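Structural overview
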Amino acid sequence: MADAEEFNRALRDARLSAASKLDAVLEVSDARALRLDALRAEVLPVVSVNAEARSMFALTLEPGAAPKLWIDLISSVVMEPDPRTFRLVQDQESRRETLFETTDMKAM
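In this report, we go over the structure that sits alongside the text. If you're wondering where the values come from, they're calculated on a predicted model, not measured in any experiment.

Moving on, we get to the environment of serine 75. In this fold, serine 75 is placed in strand S3 (residues 75–79). Spatially, the C-alpha atom of serine 75 lies 9.4 Å from that of glutamate 97, the residues being 22 residues apart in sequence. Apart from the residues lying within four places of it in its own chain, the contact partners of serine 75 are Leu69, Trp70, Val89 and Gln90.

As structure tokens, then:
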């Protein structure tokens, strides 16, 4: 009987630990998405007043575990390597190239 109680306690502790880790991952993902959304809100007024810019830039936020702010068909801003660093990347056929990286939203 004691073994079953210990097993149940260990199982409960493991589930709580896994839930805490998942919560932490989701919080980081949410922080990244919020910062990208703030960047989008900052850039949108500049793009919206220019017809040519509106046709060139998507400014679409893609949610998920690793959210992206799509600038155009091949360029996006991601929060890497940490949730505070903006990284402008361009996806090419065989690789991803980092074009610019900063922790300053205004600079991005």
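Taken together, five strands build an open sheet; the order of strands is S1-S2-S3-S4-S5 and the sheet is antiparallel. The sheet is open, and its two edges are formed by strand S1 (60–62) and strand S5 (96–102), each paired on a single side. Neighbouring strand axes in the sheet, compared pairwise and without regard to direction, differ in orientation by 25 degrees on average. By the bridge criterion, five bridges tie S3 to strand S4 (residues 86–91) in an arrangement that is antiparallel. Within the sheet, the bridge partner assigned to valine 78 lies in S4 and is arginine 87.

In this structure the tally under the stated criterion is five salt bridges. A salt bridge links glutamate 42 to lysine 106; the shortest N-O distance between them is 2.8 Å. Placement of the pair is glutamate 42 in helix H1 (residues 2–48) and lysine 106 in the segment after S5, with a sequence separation of 64 residues. By relative accessible area, which is 38% here, glutamate 42 ends up partly exposed. For arginine 87, the salt bridge goes to glutamate 101, with nearest N and O atoms at 2.5 Å. One end of the pair, arginine 87, is in strand S4; the other, glutamate 101, is in strand S5, and 14 residues separate them in sequence. Note on glutamate 101: relative accessible area 39%, which makes it partly exposed.

What counts, and at which threshold
Residue indices follow the written sequence of each chain, beginning from 1 at its first position. Residue-level local features of this predicted model are given only where pLDDT is at least 70; pairs of side-chain atoms are given and counted only at 80 or more, and the full residue set underlies all totals for whole chains, interfaces and linings. Neither water nor hydrogens contribute to the side-chain values; these are computed over all heavy atoms in the structure. Only DSSP runs of H or I with at least four residues qualify as helices, and only runs of E with at least two residues qualify as strands; both kinds are numbered from the N terminus onward. Whether two residues are in contact is decided by their heavy atoms: any pair within 4.5 Å suffices. Pairing between two strands requires that DSSP report at least two bridges joining them. Here an angle of 0 to 180 degrees is reported between the N-to-C directions of two axes, which are lines fitted to C-alpha atoms, with helices fitted over the stretch in contact. Any Lys or Arg side-chain nitrogen located within 4 Å of an Asp or Glu carboxyl oxygen qualifies as a salt bridge. Whether a residue is buried, partly exposed or exposed follows from its accessible area with a 1.4 Å probe, protein chains only, as a fraction of its type maximum: under 20%, in between, or over 50%, in that order.

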